[in-house]
Protein chains: 2
Amino acid sequence: MYRSHNCGELRIDHVNQSVTLSGWVQISRDLGGMTFVDLRDRYGITQLVFNMEDNQDLCTKARSLGREYVITITGEVNERSSKNPNRPTGDIEVKVEKLEVLNESKTPPFTIEDESDGGDDIRMKYRYLDIRRKPVQENLIFRGKLAVETRKYLSGEDFIEVETPVLIKSTPEGARDFVVPSRMNPGQFYALPQSPQTFKQILMVAGMDKYFQIVKCFRDEDLRADRQPEFTQIDCEMSFVTRDQILETFEGLTRYLFKEMKGVELPKFPWMSYDEAIKRYGSDKPDLRFGMELVELMDDAKGHDFAVFDNAEYVGGITAKGISEEYSNKDLKKLTEWVMRPQIGAKGLVYIKYNADGTTKSSIGKFYSDEVLNSWKEKLGAEAGDIVFILSGETEKTQKQLNELRLEMGRRLGLMEGKGYKPLWVIDFPLLEWDEESERFHAMHHPFTAPKKEDVDRMLNGDHETMKALRADAYDLVINGVEIGGGSIRIHDRELQQRNFDLLGFTKEEAEDQFGFLMGAFEYGAPPHGGIAFGFDRLCAVMNGQDSIRDFIAFPKNNSGKDMMIDAPSLIDKTQLNELNIELTVKPEQ
Amino acid sequence: MYRSHNCGELRIDHVNQSVTLSGWVQISRDLGGMTFVDLRDRYGITQLVFNMEDNQDLCTKARSLGREYVITITGEVNERSSKNPNRPTGDIEVKVEKLEVLNESKTPPFTIEDESDGGDDIRMKYRYLDIRRKPVQENLIFRGKLAVETRKYLSGEDFIEVETPVLIKSTPEGARDFVVPSRMNPGQFYALPQSPQTFKQILMVAGMDKYFQIVKCFRDEDLRADRQPEFTQIDCEMSFVTRDQILETFEGLTRYLFKEMKGVELPKFPWMSYDEAIKRYGSDKPDLRFGMELVELMDDAKGHDFAVFDNAEYVGGITAKGISEEYSNKDLKKLTEWVMRPQIGAKGLVYIKYNADGTTKSSIGKFYSDEVLNSWKEKLGAEAGDIVFILSGETEKTQKQLNELRLEMGRRLGLMEGKGYKPLWVIDFPLLEWDEESERFHAMHHPFTAPKKEDVDRMLNGDHETMKALRADAYDLVINGVEIGGGSIRIHDRELQQRNFDLLGFTKEEAEDQFGFLMGAFEYGAPPHGGIAFGFDRLCAVMNGQDSIRDFIAFPKNNSGKDMMIDAPSLIDKTQLNELNIELTVKPEQ
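Residues numbered from 1 in each chain as written. Chains lettered and ligands numbered in written order. Predicted model: local features only at pLDDT ≥ 70, side-chain atom pairs only at ≥ 80, totals over all residues. Heavy atoms only, no water.

1. Description of the environment of Ile549(A)
Residue and element names in this part refer to chain A.
Part 1 of the argument: Assignment of secondary structure puts Ile549 in the loop between α18 (536-543) and α19 (574-579).
Part 2 of the argument: Ile549 sits 33 residues away from Ile582 along the chain, and the two C-alpha atoms are 35 Å apart.
Part 3 of the argument: Each residue touching Ile549, except ones within four places of it in the same chain, is listed here: Asp226, Arg227, Gln228, Asp537, Arg538 and Ala541. (Helix = DSSP H or I, 4+ residues; strand = E, 2+ residues; numbered from the N terminus. Contact = heavy atoms within 4.5 Å.)

2. Concerning the domain arrangement of chain A
Part 1 of the argument: Under the domain assignment used here, chain A contains domain 1 (12-103), domain 2 (135-267 + 533-578), domain 3 (290-412) and domain 4 (423-530).
Part 2 of the argument: Look at where the C-alpha atoms of domain 1 of chain A and domain 2 of chain A centre, and you get two points 42 Å apart. (Domains from an automatic or database assignment.)

3. Concerning the packing of aromatic side chains
Part 1 of the argument: Applying the stated rule across the entire model yields 50 aromatic pairs over all chains.
Part 2 of the argument: Between Phe309(B) and Tyr368(B), the ring centres sit 6.3 Å apart and the planes meet at 50°, which makes this aromatic pair tilted. In this pair, Phe309(B) sits in helix α9 (residues 307-310) while Tyr368(B) sits in the loop between β15 (360-362) and α11 (370-375), placing the two residues 59 residues apart along the sequence. No difference in accessibility class separates Phe309(B) from Tyr368(B), as the two residues are buried.
Part 3 of the argument: Through a chain of ring-to-ring contacts, the aromatic side chains of Phe306(A), Phe309(A), Phe367(A), Tyr368(A) and Trp376(A) assemble into a single cluster.
Part 4 of the argument: Above the face of the Tyr126(A) ring, Lys125(A) is positioned so that its terminal group lies 5.9 Å from the ring centre.
Part 5 of the argument: Between the NZ or CZ atom of Arg406(A) and the centre of the ring of Phe290(A), over which it lies, the distance is 4.0 Å. (Phe/Tyr/Trp six-rings, centres within 6.5 Å; stacked < 30°, edge-to-face > 60°. Buried < 20%, exposed > 50% of the residue type's maximum accessible area, 1.4 Å probe, protein only. Lys NZ or Arg CZ within 6 Å of the ring centre and 35° of its normal.)

4. With respect to the interface of chain B and chain A
Part 1 of the argument: Each partner contributes residues to the interface: chain B has 124 residues there, and chain A has 124 residues.
Part 2 of the argument: Taken over both partners, the interface formed by chain B and chain A buries close to 11,000 Å², and the fraction arising from carbon and sulfur atoms is 59%.
Part 3 of the argument: For the pair chain B and chain A, the interface holds 14 salt bridges.
Part 4 of the argument: For the salt bridge of Asp222(B) with Arg183(A), the shortest nitrogen-to-oxygen distance reads 3.3 Å. (Buried area = accessible area lost by both parts, 1.4 Å probe. Salt bridge = Lys/Arg side-chain N within 4 Å of Asp/Glu carboxyl O.)

5. Things to note about the state of the cysteines
Residue and element names in this part refer to chain A.
Part 1 of the argument: Evaluated as defined, the whole model comprises 0 disulfides over all chains.
Part 2 of the argument: Between Cys217, a cysteine without a disulfide, and Cys236, which holds the nearest cysteine sulfur, the sulfur-to-sulfur distance is 12 Å.
Part 3 of the argument: Classification of Cys217 as buried rests on a relative accessible area of 0%.
Part 4 of the argument: The class of Cys236 is buried, set by a relative accessible area of 0%. (Disulfide = S-S within 2.5 Å.)

6. A word on a negative patch on the surface
Part 1 of the argument: Together, Glu509(A), Glu510(A), Asp513(A) and Asp567(B) give the surface a local cluster of negative charge.
Part 2 of the argument: If you trace the backbone, Glu510(A) turns up in helix α17 (residues 508-521).
Part 3 of the argument: The partly exposed category is assigned to Glu510(A), whose relative accessible area is 36%. (Patch = residues over 30% accessible without salt bridge, like charges linked within 9 Å, V, L, I, M, F, W, Y side chains within 5 Å. Areas by Shrake-Rupley, 256 points an atom, 1.4 Å probe, with all protein chains shown as cover. Lys, Arg positive; Asp, Glu negative; His and termini not counted. Charge placed at Lys NZ, Arg CZ, Asp CG, Glu CD.)

7. Let's talk about the sheet that holds strand β1 (residues 18-31) of chain B
All names here are of chain B.
Part 1 of the argument: Read once around its circumference, the closed barrel built from 5 strands follows the order β1-β2-β3-β5-β4, with strand pairing classed as mixed. Between one strand and the next, the sheet's axes are offset by a mean angle of 55°, whatever the strand orientation.
Part 2 of the argument: Taken strand by strand, helix α1 (residues 56-63) contacts β1, β2 (34-41), β3 (44-51) and β5 (92-103), and its axis lies near 65° from that of β5. (Pairing = 2+ DSSP bridges. Axes fitted to C-alpha atoms, helices over the stretch in contact; angles between N-to-C directions.)

8. Here we look at the pattern of salt bridges
Part 1 of the argument: Counted under the stated rule, the structure contains 94 salt bridges over all chains.
Part 2 of the argument: The shortest N-O distance in the salt bridge between Asp551(A) and Arg123(A) comes to 3.1 Å. With Asp551(A) in the loop between α18 and α19 and Arg123(A) in helix α2 (residues 120-125), this pair connects stretches of sequence that are 428 residues apart. Take Asp551(A) and Arg123(A): they sit in the same class, and that class is buried.
Part 3 of the argument: Glu251(B) is the partner of Lys268(B) in a salt bridge, and the nearest nitrogen-oxygen pair spans 3.5 Å. Placement of Lys268(B) in the loop between α6 (243-262) and β11 (271-273) and of Glu251(B) in helix α6 is noted, with a sequence separation of 17 residues between them.
Part 4 of the argument: With a relative accessible area of 62%, Lys268(B) lands in the exposed category.
Part 5 of the argument: Within the structure, one salt-bridge network assembled from shared partners comprises Asp120(A), Arg123(A), Arg127(A), Asp130(A), Arg133(A) and Asp551(A).

9. Observations concerning the relation of the copies chain B and chain A
Part 1 of the argument: Laying chain B over chain A is done by rotating through 180° and shifting 0.0 Å along the axis; what remains is an RMSD of 0.1 Å. Between the two chains, the operation in question is that of a two-fold axis. (Least-squares fit on C-alpha atoms with pLDDT ≥ 70 in both.)

10. Quick word on helix α1 (residues 56-63) of chain A
Residues and elements named next belong to chain A.
Part 1 of the argument: What α1 keeps buried is the set Leu58, Cys59 and Ala62. With its buried residues spanning 95° around the axis, α1 presents them on a single face. Facing away from the buried side of α1, by more than 90 degrees, are the exposed residues Gln56 and Asp57.
Part 2 of the argument: On its buried side, α1 packs onto β1 (18-31), β2 (34-41), β3 (44-51) and β5 (92-103).
Part 3 of the argument: By the N-cap criterion, in which a side-chain oxygen at the helix start approaches the backbone nitrogen of a residue two or three places on, α1 is capped by Asn55, the distance to Asp57 being 3.3 Å. (Arc of directions from axis to C-beta. Polar contact = N/O pair within 3.5 Å; in protein donor to acceptor, adjacent residues only side chain to side chain.)

11. Topic: the packing of helix α10 (residues 329-340) of chain A against helix α13 (residues 395-412) of chain A
All names here are of chain A.
Part 1 of the argument: Two numbers describe how α10 lies on α13: the axes approach to 11 Å, and their chain directions differ by 135°. Between α10 and α13, the angle falls in the class oblique. Between α10 and α13 lies a crossing whose hand is right-handed. Facing Leu335, Trp338 and Val339 of α10, the residues of α13 in contact are Glu404, Leu405, Glu408, Met409 and Arg412.
Part 2 of the argument: Each residue belonging to the contact of α10 with α13 can be placed in one class, and the counts come to 5 nonpolar, no polar and 3 charged. (Parallel < 35°, antiparallel > 145°, perpendicular 65-115°, else oblique. Left-handed = near helix turned anticlockwise from the far one by under 90°. Nonpolar A, V, L, I, M, F, W, Y, C, P; charged D, E, K, R; others polar.)

12. Overview of the environment of Glu138(A)
Part 1 of the argument: Summarising the element assignment, Glu138(A) is placed in helix α4 (residues 134-156).
Part 2 of the argument: A C-alpha to C-alpha distance of 9.1 Å links Glu138(A) and Phe552(A), two positions 414 residues apart in sequence.

13. Section: the sheet that holds strand β13 (residues 314-320) of chain B
All names here are of chain B.
Part 1 of the argument: On the basis of which strands lie adjacent, the open sheet formed by 5 strands has the order β12-β13-β16-β14-β15 and antiparallel pairing. Among the strands making up the open sheet, the edge pair consists of β12 (295-296) and β15.
Part 2 of the argument: Contacts from helix α13 (residues 395-412) reach β13 and β16 (387-393), with the element oriented near 10° to β13.

14. Concerning the side chain of Asp220(A)
Part 1 of the argument: Turning to its location among the elements, Asp220(A) is positioned in the loop between β9 (210-218) and β10 (230-239).
Part 2 of the argument: Beyond its immediate sequence surroundings of up to four residues, Asp220(A) is in contact with Arg176(A), Asp177(A), Phe178(A), Arg183(B) and Leu580(B).

15. Structural notes on the pairing of β1(B)
Residues and elements named next belong to chain B.
Part 1 of the argument: Strand direction decides the pairing type here: β1 and strand β4 (residues 70-79), joined by 7 bridges, are antiparallel. Counted as the bridge partner of Gly23 is Ile71 from β4.
Part 2 of the argument: Connecting the antiparallel pair β1 and β2 is a turn made up of 2 residues, with Gly32 showing a positive phi of about 60°.

16. Notes on the side chain of Thr360(B)
All names here are of chain B.
Part 1 of the argument: Inspection of the secondary structure puts Thr360 in strand β15.
Part 2 of the argument: By relative accessible area, Thr360 is classed as buried at 14%.
Part 3 of the argument: At a separation of 2.6 Å, a polar atom in the side chain of Thr360 contacts the side chain of Asp370.
Part 4 of the argument: Apart from residues lying up to four places away in sequence, Thr360 is in contact with Lys353, Tyr354, Asn355, Asp370, Leu373 and Asn374.

Right, here's the structure in full:
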């Protein structure tokens, strides 16, 4: 037997008991005739003590222990003379009588402490050491427990977890699929699912009524910090349900998870239409932890001989409170450069400084008198001491730029910190987006999203312009500016689904080839249904106030899609390629 | 709102309440002036009643409803005059006041009843209709609940569910991998995991202590009825643990699952060594629901001038009770043909009939007197009325053949039925199997399995013959002759792991290339660890006394690895192939 207790459970009540513990040597300290070893496992740290006077051999052996050695000890629990109130086991120590080294350890390439000195690449290569660090281990335990609670809640609501297949069919819609050559069906390929969307709808047609699954999904996209080629969704679908019932159910889930995992009671989630979110925040996932809303200034800005504004489709600004003293000309210049970076794309930045002494200073002072600028204050919610930043141009682009600027100023001014969690349902998304470049509609959500009931007739019979105005019965859950989940009421009618595929530019044959099974299913008694999917990795990160999802994934891939620890992807044998009836068109790097 | 209640919950207490229900039309019957409709959903069936006298339009509309139409009704709950005690809702019916058809249905290609008239192919193509059938739906619900209970138990035992990656590295060991070309790393491939084996061991090195995962695994094998290219495992690993603690933990899980799911209290599981299982049953997964054990007859059979037995490495028999009258010469001839089929491969079948009248009749009567044959009875456990079947030849082959014959006789004589569940731990497997053909050792379990402690020195220093006798610290859980789970204590020492790879014929470079990360991890304080994996699909089937795993999988593939509903695998675009830097070497079937 390797242990009678773990390293986190001994308390004052255990004093005088003989115990056996196993774990890793966190640190070893020699103090005079004593050696103290901190023994660590998943559950905590227990102090071991060896005394040169009592047992010289044993103490000498203890002094030879290196960091991360794996040992088993037996000894007696003693009350400590100097207790450590910061550690649950801090009242006791174990006086060791027997010590066995189970495995030695080379010196780790970085320290196994809360703050590590390892860079990203080396942490990923030695992920088994990185996970020994408490913050990473706690993240993984958090994730495991979040899954437990999610399943508990949904099971309690009569949802059944059903596993959908991983080897499915490739469809050219949406992001790129990962594909898998079929040996048994030469020349043919499976695809890995980007989501179980069609399967969960099929399960509704099959009468499963309430489905969920915590499920891996796959997208072969170019990667960013918060994207992974494989990611996890809480995927859900319900039958005989209205939008409001879905929002209620999953608001319930979210509130439950925050309560159980973080001890936080979320308030009732506000709702905001897509149009309103764009107007007020320039984003369909507004961060409600701070204000600084977009204020449209068209009537005010036009007609003062300032051509930039006069010719703009949109002029709008945001007010940054209390920084007029703080922000120098140099700062303003730098901020102007920031908004002009290609990632943001503004043509310039107009500012108005409402100084504390009542004067104003503005980059457009030539065109607008102090009186005029002061007259904007009320609308902008600006006061003495504030700076207003104004952008202009095409409506959509400019709103997006103002959103980026708002978030940047929010970060700089620390407006997001300590504000807790601000959830929001964004509703009434457009059904279709017109893409100028490809001259076709794209589904804003996905091709299975239903229009709002009042828009069905217009969708079936309307002209091109009408289509642009169709609203989808779709919704996103946003928390602190991060899209946590999204879903919709689905089409459950063959004709409407066919019409949607037509609008999206599918030929009849393409639609039939790719989604014929679903449209076929709609002819055999498909119930009204709808659902939602939560990004599980992102939910973990947002609940813990972190930006990156990577440390909530046990074995993430880097930005090149590589697993640095196992060194995947890798070359495969020629015989394997032959069996799969494929050959390479490149000479792979060795 | 589509419903106030589901179709399974109305009782006598609801009488006089106004309710709204939604569901599928199971059946519609016209009786005089009344129309009765059975409305079905996942939760049950409720009888609706329409009365021609009360509302002619509504009743006429009801009469137009076809099978599987989806409807919503509102009406009043009434007590039934003739109750149906076989149905939980059988005390009531709903007198309909409002009826809306939500969706029509074509006539299904097979009946949506417990016993369907649909063949396998059509059931798979219209899987959404097949799942509406109660037995299939109940199987999927059973599976979902089994996962809930598994997670509940393991979480309660401090196991953390950790998701391991699906896009990993191909290794030529074991079965064939499915592979995934990497677009971002031209010429390189990911593989889909055959199991998360190395990752769960890495998690132990990482200090996660107790890991589990209900996880999809993948094998590109030629398929049989009980094999699927993607299947699900309950995958577990523990640190600082002995074999006996693992068996105790997972016997606990199994007993819990049978109690919760089937209301069955399993007895303490017996243990049997691999050698004993082979000797007594000719199989490492014996079905203990019946006896008919193998009896070795070498001393008895030899020396009677019967060359077949005299030259045989092994002679053994089984006793089929009470069939000596029943089994005619023709039956015996047929059974002889059965054992001589290539799938079994026996050269012939010897029988001894111990007749009820005390006489004997045997196919080897020429060589063995009645007296001799009667003297075998005690050893064989045979009595008047029994038939003994004897096979001879090479030991291993003959034992396997006797196992097949035993199972066949068990089936024919109905010896497995009504015997409940007979669990068994099979332990002490050989570590290595010598393969004559390839002239190399194979790992009986997998290359990470540790030898038993007492065999470690022999493994590191022994000669070739010694290797054949090494025992692994491995174990299988067998229930009713089906292997439900298997696992082992793992190697956690670099030298021993390297030695095992050597024995398995890996070059140093191959071992380093494929498993260098694991051997590297063993140098940084790897704890002793071990684990187990349960076949989740098979566990579902065995718990429900079913042979095939297919109906416990929502969307299974057929024997060609095809999903008949979505028609996968399928062709992909030339542009997709180009992006992946591969081309086909076959012209695919259209």
